[in-house]
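The chain contents come next:
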Amino acid sequence: SLLRSSAGSMGIEPLIRAVVFDWDGTLLDSYRAGTHAYQKMFAAFGKSCDEARLKRIYSPNWHIVYKKMGIAKKDWPRADRLWRQHYRSHSPELVPAARGVLQTLQLRGYRLGLITSGNRSRVLRELKRFRLDKSFEVKLFCEQGGRNKPDPAVLHLALRRLRAAPAECAYVGDAPEDIEMARRAGVLSIAVFGPYPTHARLRRARAKYLLQDLSEILPILEKNKG
């Protein structure tokens, strides 16, 4: 199978048995909520940012967005608070295939993890709302690891907690930073197009698999079960 990889001198090829997901844009369609929160937050700093401009400067690392909009570093904590405040006025929904994919992977015995750049309180609230708080054995948020994607440290931490070797794990995300993190960690990279404006960069990210829809992950992983 394409998903098998060498496990050393014994010639054993481990199966993928753990799947770690990104949250925003991969499982949750939070683009509208996030865009609205950015626009309201920037307005509080006297800055205008229409959707077209935000698409041009978007990064899952929000500090890059702040820099491009000229928000001084000393004001980032206030910007974070305002963003979260405005985001809370929205109730984003899961991407259409998300619940079914997670349920199917659980039934098939995969160990599931979540690594998100979102803050812990916000993402936990959303997981609880969708009754997905028990779906992931490992959940890691922006407060953990100390470094943003694509630094692989947080994915290495997830692998340790899942007790899985890199060759036994797939990481699924919608941004090129997700794919680079997976590659740097030695994990199978699966990119999926989501609602965020990352498609052009995602095509250039050289993921092992590039999916139009999250549901396409099921036959890919099923191949790996031999």
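Preceding block: the structure.
All of these numbers come straight from a predicted model, not from anything done at the bench.

Conventions adopted
Residues numbered from 1 in each chain as written. Predicted model: local features only at pLDDT ≥ 70, side-chain atom pairs only at ≥ 80, totals over all residues. Heavy atoms only, no water. Pairing = 2+ DSSP bridges. Helix = DSSP H or I, 4+ residues; strand = E, 2+ residues; numbered from the N terminus. Axes fitted to C-alpha atoms, helices over the stretch in contact; angles between N-to-C directions. Contact = heavy atoms within 4.5 Å. Salt bridge = Lys/Arg side-chain N within 4 Å of Asp/Glu carboxyl O. Buried < 20%, exposed > 50% of the residue type's maximum accessible area, 1.4 Å probe, protein only. Core = buried A, V, L, I, M, F, W, Y, C linked by side-chain atoms within 4.5 Å.

This paragraph deals with the sheet that holds strand β4 (residues 111–115). Whether parallel or antiparallel, the strands of a sheet pair through hydrogen bonds between backbone atoms. One open sheet accounts for six strands, arranged β5-β4-β1-β6-β7-β8; its pairing is parallel. Pairing within the sheet leaves two strands with one partner each, and these edge strands are β5 (138–140) and β8 (209–211). With strand direction ignored, the average angle separating the axes of adjacent strands in the sheet is 20°. Bridge count for strand β6 (residues 169–173) against strand β7 (residues 188–192) is four bridges, and the pairing is parallel. Bridge pairing in β7 places Tyr 171 opposite Ser 189. Each of β1 (18–21) and β4 touches helix α5 (residues 98–107); the most contacted strand, β1, lies at about 160° to it.

Inspection of the entire model under this criterion finds twelve salt bridges. A salt bridge links Asp 24 to Arg 122, with the shortest nitrogen-to-oxygen separation between them at 2.8 Å. Separated by 98 residues along the polypeptide, Asp 24 in the loop between β1 and β2 (28–29) and Arg 122 in helix α6 (residues 120–129) bring together distant segments of the chain. Take Asp 24: its relative accessible area is 15%, and that puts it in the buried class. The salt bridge partner of Glu 180 is Arg 184, with a shortest N-O separation of 3.5 Å. Note that Glu 180 and Arg 184 are positioned in helix α8 (residues 176–185) at a spacing of four residues, about one turn of the helix. On the basis of relative accessible area, Glu 180 is assigned to the partly exposed category, the value being 33%. Looking at Arg 184, the relative accessible area reads 45%, which means it is partly exposed. Salt bridges here are not isolated pairs; linked through shared partners, they connect Asp 22, Lys 149 and Asp 178.

Bringing α8 into the picture now. Where burial is concerned, most of α8 is hidden: seven out of the ten residues are buried. Every buried residue belonging to α8 is among Pro 176, Glu 177, Asp 178, Ile 179, Met 181, Ala 182 and Ala 185, and all of these are buried. The secondary structure elements touched by the buried residues of α8 are β4, α7 (153–162), β6, β7 and α9 (199–203). In the segment just after α8, Gly 186 is the residue with positive phi, at about 75°.

Glancing now at the pairing of β1. A two-sided burial pattern is seen for β1, the buried positions comprising Ala 18 and Val 20 on one face and Val 19 and Phe 21 on the other. The sheet contact formed by β1 and β4 spans four bridges and is parallel. Bridge pairing in β4 links Phe 21 to Leu 114.

Bringing the pairing of β6 into the picture now. Of all five residues making up β6, five are buried, and the element is well covered by its neighbours. Across the two faces of β6 the burial is the same, with Cys 169, Tyr 171 and Gly 173 and Ala 170 and Val 172 all buried. Here four bridges tie β1 to β6, and the two strands are oriented parallel to one another. Bridged to Phe 21 within β6 is Val 172.

The subject of this paragraph is the side chain of Ser 135. Along the chain, the position of Ser 135 falls in the loop between α6 and β5. Setting aside residues no more than four positions away along its own chain, Ser 135 makes contact with Gln 106 and Leu 112.

It is worth spelling out the nonpolar core at this point. It is characteristic of soluble globular proteins that their nonpolar side chains tend to be buried jointly. Phe 21, Trp 23, Leu 214 and Ile 217 are the most contacted members of the largest nonpolar core, which has 53 residues in total. Contact partners of Ile 217, with chain neighbours within four places excluded, come to Val 19, Phe 21, Val 101, Val 172, Ile 190 and Leu 211.

Note on placement: Met 181 falls in helix α8. Looking at Met 181, the relative accessible area reads 0%, which means it is buried. Taking the C-alpha atoms as reference points, Met 181 and Ile 64, 117 residues apart in sequence, are found 17 Å from one another. Filtering out sequence-adjacent residues up to four positions away, Met 181 remains in contact with Ile 115, Lys 149, Pro 150, Asp 151, Pro 152, Val 154, Leu 155 and Tyr 171.

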